[in-house]
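What follows is each chain in one-letter form.
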Amino acid sequence: MTRGDPIKTVLTLIATAMAILVLPAAAKEIPAQLPDPDAAPVDTSKPVQVYILAGQSNMVGMGTISGARCRHTGIYLAADPAAPKGPMYIHPVGNYKISQHGVYVSADPRAEKGATASIYSGAYDPKVDYDKAKPAKIETVALGVTKGSLPTISGPHTVLVRGFIDGPESGPYTVGAGYGDSSYNVIELDGKEVYRKDVGGKVVKEKISLEAGIRYPVKITYLKDGSTAFWMSREDLQGKGDLESVSKREGKFPWLIDDAGNSTVRNDVYYQDARINFKGSLLSPTSNGRMIGPELGFGHVMGTYHDEQVLLIKTAMGNRALGWDFRPPSSGRTDKPDADKWEGLEYRLMVEGVRKVLDNIENIVPGYKGQGYEIAGFVWWQGHKDSFTPELIDEYEQNLVNLIKDVRKEFNVPKMPVVIATVGFGGHNMADKFLRILDAQMAIGDPKKHPEFAGTVASVDTRNFWREVDESPMSQDYHYNRNAETYLLVGDALGRAMVRLLGGKAETLPQAARPQPVAQQASPDPAQQDEAAGKAALAPIILDGMAPGYIADPRYNAALLSEASGEKPKRTSQFLRGAMYGLTAFYRAAGVHDYDWHIFGPDLRNEKWDYYSFDPKEALPKEKGSRYRKVTYPEGMENWFASDFDAARAGWKKGLPPFGQLDGKLAPLRDSCTAPFCSCSRSPRTPWEKEVLLVRVTFEIPPLKEGCRCRLVVGGSAHVNAGEGYAIYINGKLLAQSNTGVGKRQGGQPRGGHIYNDFRDEFQGGKVTIAATSFLRYNNPQGIIPPRGHFSLWMEEAKIPPLE
């Protein structure tokens, strides 16, 4: 439909009719790679070509422009088939990823996996040219397999392993070989020394850039025998999937970047929002604000196709269903509550927004000269919200038919070209509910199923445009993980489909093959997965790659050294986890438990303690939290924590921990607790009857060991809103104190006190007296609760892992 000056309107209609008559001969051809936009003047003798873009949040646009960060703390590559591939979360230090790479006996694409081991007589001699020396033995080894062993011969010998490796992605890498003794080696990759660890020396690594699809020669000279482990580490942990990385770093969509490295701006395509902010601009990556939608890719294609000015009118809103919010008039009304108010509202707002823009076109399109306009096409991308109910899924196809017919009728364009982007969530591994909507959307563009739309409606399958979380700025599947490439590809494909409907030709933008559907299988149990074998296969990567990176990280290094030294920090915490906990998490992930905490001395949870409880005269309202406070002790108990205090004479009783109660009963505080440092799911064995609890025990203990850390753990209160403050004394001296219980976001970690160097003299062996106090809890953030408490105390020891 054309509006504007009557004379110009007539001329425009004549020009349009002539263009239609000659379209097949003059139809433009859109190449796979679009040309750079130029500053050539726009043809204002022809009507502005108007395209309506509608849908829900993904049409609004959720593609990240810049600022994407790598989702992984580290990316490592393993050739060991036993090494589990994929995301690997090590609590609390980070998200890692294990990928596959190959090791081959030659560069031939048909070469078998493995490498060639040559064994030379005599101990390693750096003066010997082993490439020219004659080996005593040659055999193929499974380089990269942790459980594999280097071949040997009797007597002193030197092993060299030669092979070829590849990587799945281009970029800088470091490499490592061996495990334990065999980690003493020298690695040459593509003729460059990239790893050296001399016997008695430290590891020296060099980065090397590798290209995907190329096999590089590798030579490893082993200084000691052992494992055939080999692994790689990706060193450029840059964010992926934002527009900046896709266009600038990866070089895709070159028409989006000019020669100066800046984003291009199309002077022939104007973008106007007609639903959310009602702002407009010449088309650029920031036309839509901080995120891009399909308008960017679509607009570049249509700007290339048309000589006329192009106007994109977007009228989209998130969380909208076709069967309700966009419900077209032809679908009728339902009997749902508020149907008169909300049902079809988004459809009405879409029409209203488009009409407002067109009625004001002379003030919107730059350089508009009254040439009028034509509504050239309608673009639809939506479907997520309709997946919420089977009813909307069943109705989707018919509702979409009605939408197309109603929009054409509304704007009086009976054959208005329409392009539909399908849902693409999950790519080719799409959930069934989305697949049903996709089938409905594809059916609309199938002339066999809808002959009434033949040649005027096209559907675009977007599953190939899905990008996984690892390739994207964030994990948000319903917004395509905010991947800018997805939004560009969807828009580009919609534009090319529109060009074909208009009678033009458009090559398809080539893409690399994407993962195809994966058959869903029942998850095997841990025994079948052989979890232990997986940990063993990853041990070199974890302990020789991840852990050293953690130790060297400035965020943790100083704290690690301080904790290992045993010196008391300026500020102590009631919580016992520090940087060392993160380091030992790597060992646990590798199946090594040498540095875990374990009971030291007698298990005090099974020892009888002296105890006493009382209500202090310094009463505190039950709604008051943080009940630990200075109180007056019963007469004769002022020094209850001293080594020479006589508990029996003071009238104390003896009992086994845990000490506790729940509303006066010997009941666990919660049944679900499985934390060994808490155990509040155990029923108390001795009643804690009144607010203040005093406990003490004297026991024999061996001397503390060098190279180990020790701590006292307060059990029974490791959850949010659990426990109260406490104080722990060793031989009458205050070791640790907390004035509060466990607050918000503090749960799930042990409480107590570390035994720092200033207290180690108290543990030289022989008798030690431990005394402690705590308070019952009477409230939580919601108000007063029945009284509760759970208290036990024991001593633990852990070896300090190496920090080289």
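What counts, and where the lines are drawn
Residues numbered from 1 in each chain as written. Predicted model: local features only at pLDDT ≥ 70, side-chain atom pairs only at ≥ 80, totals over all residues. Heavy atoms only, no water. Helix = DSSP H or I, 4+ residues; strand = E, 2+ residues; numbered from the N terminus. Buried < 20%, exposed > 50% of the residue type's maximum accessible area, 1.4 Å probe, protein only. Areas by Shrake-Rupley, 256 points an atom, 1.4 Å probe, with all protein chains shown as cover. Lys, Arg positive; Asp, Glu negative; His and termini not counted. Charge placed at Lys NZ, Arg CZ, Asp CG, Glu CD. Pairing = 2+ DSSP bridges. Axes fitted to C-alpha atoms, helices over the stretch in contact; angles between N-to-C directions. Left-handed = near helix turned anticlockwise from the far one by under 90°. Contact = heavy atoms within 4.5 Å. Nonpolar A, V, L, I, M, F, W, Y, C, P; charged D, E, K, R; others polar. Polar contact = N/O pair within 3.5 Å; in protein donor to acceptor, adjacent residues only side chain to side chain. Parallel < 35°, antiparallel > 145°, perpendicular 65-115°, else oblique. Core = buried A, V, L, I, M, F, W, Y, C linked by side-chain atoms within 4.5 Å. Phe/Tyr/Trp six-rings, centres within 6.5 Å; stacked < 30°, edge-to-face > 60°. Lys NZ or Arg CZ within 6 Å of the ring centre and 35° of its normal. pLDDT = per-residue confidence, 0-100. Salt bridge = Lys/Arg side-chain N within 4 Å of Asp/Glu carboxyl O. Expected span 1.5 Å × (residues − 1).

**Section: the overall build of the chain**
So, point 1. On a plain count of helices and strands, the chain comes out with 14 helices and 38 strands.
So, point 2. Projected onto the principal axes, the alpha-carbon positions of the chain cover approximately 115 × 85 × 45 Å.
So, point 3. The buried share of the chain, taken over its 804 residues, is 53%.
So, point 4. Carbon and sulfur atoms make up 51% of the accessible area of the chain, which totals about 36,600 Å².
So, point 5. Looking at charge distribution, the chain has the averaged site of its 96 positive side-chain charges lying 4 Å from that of its 95 negative ones.

**Side note on the sheet that holds strand β34 (residues 733-738)**
So, point 1. Spatially, the 6 strands line up as an open sheet ordered β28-β27-β31-β36-β33-β34, and their pairing is antiparallel. Bordering the open sheet on either side are β28 (653-655) and β34, each of which pairs with just one other strand. The sheet shows a mean angle of 25 degrees between the axes of neighbouring strands, direction not considered.
So, point 2. When strand β31 (residues 692-701) meets strand β36 (residues 766-775), the two strands line up antiparallel, connected through 10 bridges. Residue pairing for β36: arginine 696 is matched across the bridge by alanine 771.

**Some details on the packing of helix α7 (residues 345-359) against helix α8 (residues 390-410)**
So, point 1. Running from N to C, α7 and α8 point in directions that differ by 30 degrees, and their axes come no closer than 12 Å. In the packing of α7 onto α8, the handedness of the crossing is right-handed. Note on element contacts: α8 touches α7 through Leu403, Asp406, Val407 and Glu410, opposite Tyr347, Met350, Val351 and Arg355.
So, point 2. The residue makeup of the contact of α7 with α8, split by class, is 5 nonpolar, no polar and 3 charged.

**Digging into the environment of tryptophan 794**
So, point 1. As for its position among the elements, tryptophan 794 is in strand β38 (residues 783-799).
So, point 2. Relative accessible area serves as the criterion here: at 1%, tryptophan 794 is assigned to the buried category.
So, point 3. In this structure, the C-alpha to C-alpha distance between tryptophan 794 and alanine 558, residues 236 residues apart in sequence, is 28 Å.
So, point 4. In contact with tryptophan 794, other than residues within four places in its own chain, are Ile599, Asp603, Leu604, Arg605, Pro676, Phe677, Arg711, Leu712, Val713 and Gly715.
So, point 5. For tryptophan 794, the side chain forms a polar contact with the side chain of glutamate 796, separated by 2.9 Å.

**Details of the packing of helix α13 (residues 554-565) against helix α14 (residues 579-589)**
So, point 1. Contact geometry for α13 and α14: axes closest at 8 Å, N-to-C directions at 95 degrees. Classified by the interaxial angle, the pair formed by α13 and α14 is roughly perpendicular. Residue-level contacts link Tyr556, Ala559, Leu560, Glu563 and Ala564 of α13 to Ala579, Met580 and Leu583 of α14.
So, point 2. For the contact of α13 with α14, the class distribution of residues is 7 nonpolar, no polar and 1 charged.

**Examining the nonpolar core**
So, point 1. Core analysis: the biggest nonpolar cluster contains 96 residues, and Tyr51, Phe298, Met302, Leu311, Phe378, Trp380 and Phe411 have the highest contact counts within it.
So, point 2. In terms of residue count, helix α10 (residues 484-501) provides more of this core than any other element does, 11 residues in total.
So, point 3. If we skip the residues at most four places from it in the chain, phenylalanine 378 touches Ile52, Ala54, Met350, Leu403, Val407, Met416, Pro417, Val418, Val419 and Met498.
So, point 4. Cys710, Ile728, Leu735 and Phe763 belong to the second largest nonpolar core, which has 41 residues in total.

**Topic: the packing of aromatic side chains**
So, point 1. Per the stated rule, a full pass over the model turns up 28 aromatic pairs.
So, point 2. Each ring, one from tyrosine 96 and one from phenylalanine 586, has its centre 6.0 Å from the other, and the planes form 75 degrees; the classification is edge-to-face. Here tyrosine 96 is found in strand β6 (residues 94-100), whereas its partner phenylalanine 586 is found in helix α14, with 490 residues between them in sequence. As far as burial versus exposure is concerned, tyrosine 96 and phenylalanine 586 are alike and both buried.
So, point 3. Consider the rings of tryptophan 466 and tyrosine 480, whose centres lie 5.9 Å apart with planes at 65 degrees: the pair is edge-to-face. Of the two residues, tryptophan 466 sits in the loop between β24 (457-460) and α10 while tyrosine 480 sits in the loop between β24 and α10, which places them 14 residues apart along the sequence. In terms of burial, tryptophan 466 and tyrosine 480 fall into one category: buried.
So, point 4. Three or more aromatic residues joined by ring pairs make a cluster, and in this case those are Tyr612, Phe614, Tyr633, Trp640, Phe641, Phe645, Trp652 and Tyr729.
So, point 5. The positively charged end of lysine 197 is found above the aromatic ring belonging to tyrosine 184, 4.5 Å away from the centroid.

**Some thoughts on the confidence of the model for the chain**
When pLDDT drops low, the exact placement of atoms in the prediction is not to be read closely.
So, point 1. Residues with a pLDDT of 70 or more make up 95% of the chain, whose mean pLDDT is 93.
So, point 2. Across residues 1-26, where pLDDT falls below 50, the model places 29 contacts with residues more than four positions away in sequence or in other chains.
So, point 3. Segment residues 518-526: pLDDT under 50, and 3 contacts once partners within four positions in sequence are set aside and those in other chains are kept.

**Details of the pattern of salt bridges**
If charged atoms from side chains of opposite charge come close, those side chains can pair.
So, point 1. Applying the stated criterion across every chain yields a total of 41 salt bridges.
So, point 2. A salt bridge links glutamate 352 to lysine 356, with the shortest nitrogen-to-oxygen separation between them at 3.2 Å. In this pair, glutamate 352 and lysine 356 are both assigned in helix α7, 4 residues apart and thus about one turn of the helix distant.
So, point 3. Note that glutamate 797 and lysine 705 form a salt bridge whose closest N and O atoms lie 3.5 Å from each other. Linking glutamate 797 in strand β38 with lysine 705 in the loop between β31 and β32 (708-715), this pair joins segments that are 92 residues apart in sequence.
So, point 4. When its relative accessible area of 2% is taken as the criterion, glutamate 797 is described as buried.
So, point 5. Salt bridges sharing common partners tie together Asp131, Arg162, Glu188 and Lys219.

**Considerations on unusual backbone geometry**
So, point 1. Cis rather than trans, the peptide bond between histidine 91 and proline 92 has omega equal to 5 degrees.
So, point 2. Tracing the backbone through its elements, the reader meets proline 92 in the loop between β5 (86-90) and β6.
So, point 3. Backbone torsion omega between proline 657 and proline 658 reads 5 degrees, so that peptide bond is classified as cis.
So, point 4. Positive phi values are uncommon outside glycine, yet serine 626 reaches one of about 50 degrees.
So, point 5. By the element assignment, serine 626 lies in the loop between β27 (609-614) and β28.
So, point 6. We note that arginine 745 has phi near 65 degrees; this positive angle belongs to a residue other than glycine.
So, point 7. Within the element layout of this structure, arginine 745 appears in the loop between β34 and β35 (751-754).

**Remarks on the sheet that holds strand β21 (residues 310-316)**
So, point 1. One open sheet accounts for 7 strands, arranged β19-β18-β21-β2-β22-β23-β24; its pairing is mixed. Each having just a single partner strand, β19 (280-283) and β24 make up the two edges of the open sheet. With direction set aside, neighbouring strand axes in the sheet form an average angle of 20 degrees.
So, point 2. As judged from the 4 bridges shared by strand β22 (residues 373-381) and strand β23 (residues 418-421), these two strands associate in the parallel manner. Counterpart to tryptophan 381 in the pairing with β23 is alanine 421.
So, point 3. Of the strands in this sheet, β2 (48-55), β18 (266-273), β19, β21 and β22 touch helix α5 (residues 295-305), which is tilted by about 140 degrees from β18.
So, point 4. Against the sheet, α10 engages β2, β22, β23 and β24, with an angle of about 155 degrees to β23.

**Side note on helix α9 (residues 432-444)**
So, point 1. For α9, spanning 13 residues, the distance from its first C-alpha to its last is 19 Å, which sits close to the expected 18 Å at 1.5 Å a residue.
So, point 2. The inward-facing, buried residues of α9 abut α8, β23 and β24.

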